[in-house]
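# Understanding the architecture of this molecule
Spelled out, the chains give:
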Amino acid sequence: MKKRIAFGFALVFALLVTGLVLSEKSGKDSMAETTVGLIRQTDATETSVTVSWEGTAGQYLMYQYTSSGQEVGKLGVVTSPVTIDSLMPGSTNFFKIFECDPEGNKISEDDPGIMLQGMRTLPKQQAKPELTYWYRASDEADISWASDGQVDGYQIRVEKLNGKKLSSATITASSVSGQATVMKTIKPCYRGRVARVRVRGYINLNNGKKKYYGEWSEPLYYASAKEIKLSGGGDTIHVSGLKVKDASKKEVFVSPKKNKGFEMAALVKDKDTKCQFSEYGEHMISSGTSGRTYYIRVYYYFEVDGKEMKSPVYDEGSVYVKPAYFDIEVD
């Protein structure tokens, strides 16, 4: 009798223990869920992102997703922090992590995982800026370039021809949100020299504490004199004030009409700051009997990597050529 009780008790105990184990295992499979905190992107390059988080698991299984939540593919077993390579420049990326066992299997097929959203590579190279408008009177210039929806802002930098900084400014993306073109007015626009302008995009990482910059754009170059001075008399035009640092030469064009008919009148060397001439193209400067107004345009040239370039800016003005008077003595 005792043996049967003992056997019965042993059987009952064995069944209870087995049931408990099965219950615990079943509960783990059905209730296990990845839990992490302090998710943040800590670094970026043009083709990679580095992400960190805090969690209790020793390792995680990572997948890549689209912004709409579709799985792209399995990236493998990772630990925090992790760097994901082979991404597109200027891209926003989405990943999901799951707690996994030492063999790389999810701890539960019902685990929804944790999404790592909005992980960005460095901004792609921005479009080359353009000179939208040149304000001679106020010493300003409007610079524009195509907006980029993947950045937090832009840096614009005005430089000497050799790349040394003259000035720089930061523009937040929120201040130009919804605009197809970013516009920035620079003042001064550094007349009297050859200048160049570059822009680059940036993203904020580490909870906005640090800016990470993309590659600089191709530069916009321009040149102008501070102020040209014109005078005329005796069928000759005088031009001065042509001092432009780093310019290789200047070309002076003349026309009797304001908006057309310009022909070359003088070629001014890099160190020369003034010139005078009595003809342009195949025409002579002539005041006639009552004087005449001529219109002047001055174009500036400079060299970049051994290649001659022409400034998109030209200086212009008008000059009245006084007639020549002679005193004639009559006996």
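So, a few notes on the structure that sits alongside this text. In this convention, every chain numbers its residues from 1, walking through the sequence in written order. Per-residue local features of the predicted model are confined to residues with pLDDT of at least 70, and side-chain atom pairs are confined, for both listing and counting, to 80 or more; whole-chain, interface and lining totals are unaffected and use all residues. Side-chain metrics in this entry use all non-hydrogen atoms of the structure; hydrogen atoms and water are not considered.

### Considering the overall build of the protein chain
Applicable threshold: In this text, helices come from DSSP runs of H or I with a minimum length of four residues, and strands from runs of E with a minimum of two, each type numbered from the N-terminal end. Only protein chains enter the accessibility calculation, which uses a 1.4 Å probe. A residue is then buried if its area is under 20% of the maximum for its type, exposed if over 50%, and partly exposed in between. Any two residues having at least one pair of non-hydrogen atoms within 4.5 Å are treated as being in contact. For the accessible areas, the method is Shrake-Rupley and the probe is 1.4 Å, while residue cover comes only from the protein chains on display.
In terms of regular secondary structure, the protein chain is built from 1 helix and 24 strands. Split into buried and exposed, the 331 residues of the protein chain put 40% on the buried side. In the protein chain, 63% of the contacts between residues at least 6 apart in sequence involve partners at least 24 apart. As displayed, the protein chain has an accessible area near 19,400 Å², and 49% of this comes from carbon and sulfur atoms.

### What to know about the sheet that holds strand S9 (residues 140-146)
Heads up, the condition is: When DSSP locates at least two bridges between a pair of strands, those strands are taken to pair. Convention adopted: a line fitted to C-alpha atoms gives each axis, helices being fitted over their contacting stretch, and angles between N-to-C directions are expressed from 0 to 180 degrees.
Read from one edge to the other, the open sheet built from 3 strands follows the order S8-S9-S12, with strand pairing classed as antiparallel. Bordering the open sheet on either side are strand S8 (130-135) and strand S12 (181-186), each of which pairs with just one other strand. Pairs of neighbouring strands in the sheet enclose a mean axial angle of 20 degrees, with direction left out of account. Both S9 and S12 contribute to a ladder of 6 bridges, which runs antiparallel. Bridge pairing in S12 places Ile-143 opposite Lys-184.

### Structural notes on the sheet that holds strand S18 (residues 249-255)
Spatially, 4 strands are ordered S19-S18-S23-S24 in an open sheet, and the strand pairing comes out antiparallel. Every other strand in the sheet has two partners, leaving strand S19 (263-269) and strand S24 (307-321) as the edge strands with one partner each. Across the sheet, the mean angle from the axis of one strand to that of its neighbour is 20 degrees, orientation sign disregarded. Pairing of S18 with S19, which is carried by 6 bridges, proceeds in the antiparallel orientation. Along S19, the bridge assignment pairs Val-252 with Ala-266.

### What to know about the pairing of strand S11 (residues 165-172)
On a regular strand, each side chain points to the face opposite its neighbour's, so the side chains alternate between the two faces of the sheet. As judged from the 7 bridges shared by strand S10 (residues 153-160) and S11, these two strands associate in the antiparallel manner. The residue bridging Glu-159 from the neighbouring strand is Lys-165, located in S11. Following S10, the chain reverses through 4 residues before pairing antiparallel with S11; Gly-163 in that reversal takes a positive phi of roughly 95 degrees.

### Some thoughts on the nonpolar core
Heads up, the condition is: Throughout, nonpolar core names a set of buried Ala, Val, Leu, Ile, Met, Phe, Trp, Tyr and Cys residues whose side chains join them through atoms within 4.5 Å.
Within the largest apolar cluster, 27 residues are counted, with the highest numbers of intra-cluster contacts made by Ile-237, Val-252, Val-254 and Phe-277. Looking at this core, the elements that each hand over two or more residues are strand S15 (220-224), strand S17 (236-240), S18, S19, strand S20 (275-277), strand S23 (292-304) and S24. Per element, the largest residue contribution to this core is 6 residues, and it comes from S23. In this structure Val-252 touches Val-239, Glu-263, Met-264, Ala-265, Ala-266, Val-268, Cys-275, Phe-277, Ile-296, Arg-297 and Val-298, once residues within four positions along its chain are discounted.

### So, the packing of aromatic side chains
To keep things clear, this is the line we draw: Whether two aromatic rings pair depends on their centres lying within 6.5 Å, for rings of Phe, Tyr and Trp, where Trp uses its six-membered ring; planes under 30 degrees apart make the pair stacked, over 60 edge-to-face, and the rest tilted.
Tallying each qualifying case throughout the model produces 10 aromatic pairs. Arranged with centres 5.7 Å apart and planes meeting at 70 degrees, the rings of Trp-145 and Tyr-154 form a pair that is edge-to-face. Tyr-154 carries the same exposure label as Trp-145, and that label is buried. Between the aromatic rings of Tyr-299 and Tyr-314, the centroid separation amounts to 5.2 Å while the plane-to-plane angle is 40 degrees, which identifies the pairing as tilted. Residue Tyr-299 is found in strand S23, and its partner Tyr-314 is found in strand S24; the two are separated by 15 residues along the sequence. Here a set of aromatic residues connected by ring pairs shows up, and it is made of Phe-253, Tyr-299 and Tyr-314.

### Quick notes on the pattern of salt bridges
Pairing between side chains of opposite charge can happen when their charged atoms approach one another. Counted only if it meets this: A pair is scored as a salt bridge if a Lys or Arg side-chain nitrogen falls within 4 Å of a carboxyl oxygen belonging to Asp or Glu.
Applying the stated rule across the entire model yields 9 salt bridges. Where Asp-315 meets Arg-136, a salt bridge forms, and the shortest distance between an N and an O atom there is 3.7 Å. Of this pair, Asp-315 sits in strand S24 while Arg-136 sits in the loop between S8 and S9, and the two are 179 residues apart along the sequence. Connected via shared salt-bridge partners are Arg-157, Glu-159, Arg-196 and Arg-198.

### Describing the pairing of S23
Pairing analysis gives 7 bridges linking S18 to S23, with the strands arranged antiparallel. Opposite Val-254, over in S23, you have Ile-296 as the bridge partner. One ladder, built from 12 bridges, connects S23 with S24; its direction is antiparallel. Residue pairing in the sheet places Tyr-301 in a bridge with Lys-310 of S24. A loop of 2 residues connects S23 with S24, the two strands running antiparallel in sequence, and Asp-305 in this loop sits at a positive phi of about 55 degrees.

### Digging into the environment of Leu-61
Examined against the element boundaries, Leu-61 turns out to sit in strand S3 (residues 60-65). In this structure the C-alpha to C-alpha distance between Leu-61 and Asn-105, which are 44 residues apart in sequence, comes to 7.6 Å. Non-local contacts of Leu-61, meaning those with residues more than four positions away in its chain, are made with Lys-74, Gly-76, Val-77, Lys-96, Ile-97, Phe-98, Cys-100, Gly-104 and Lys-106.

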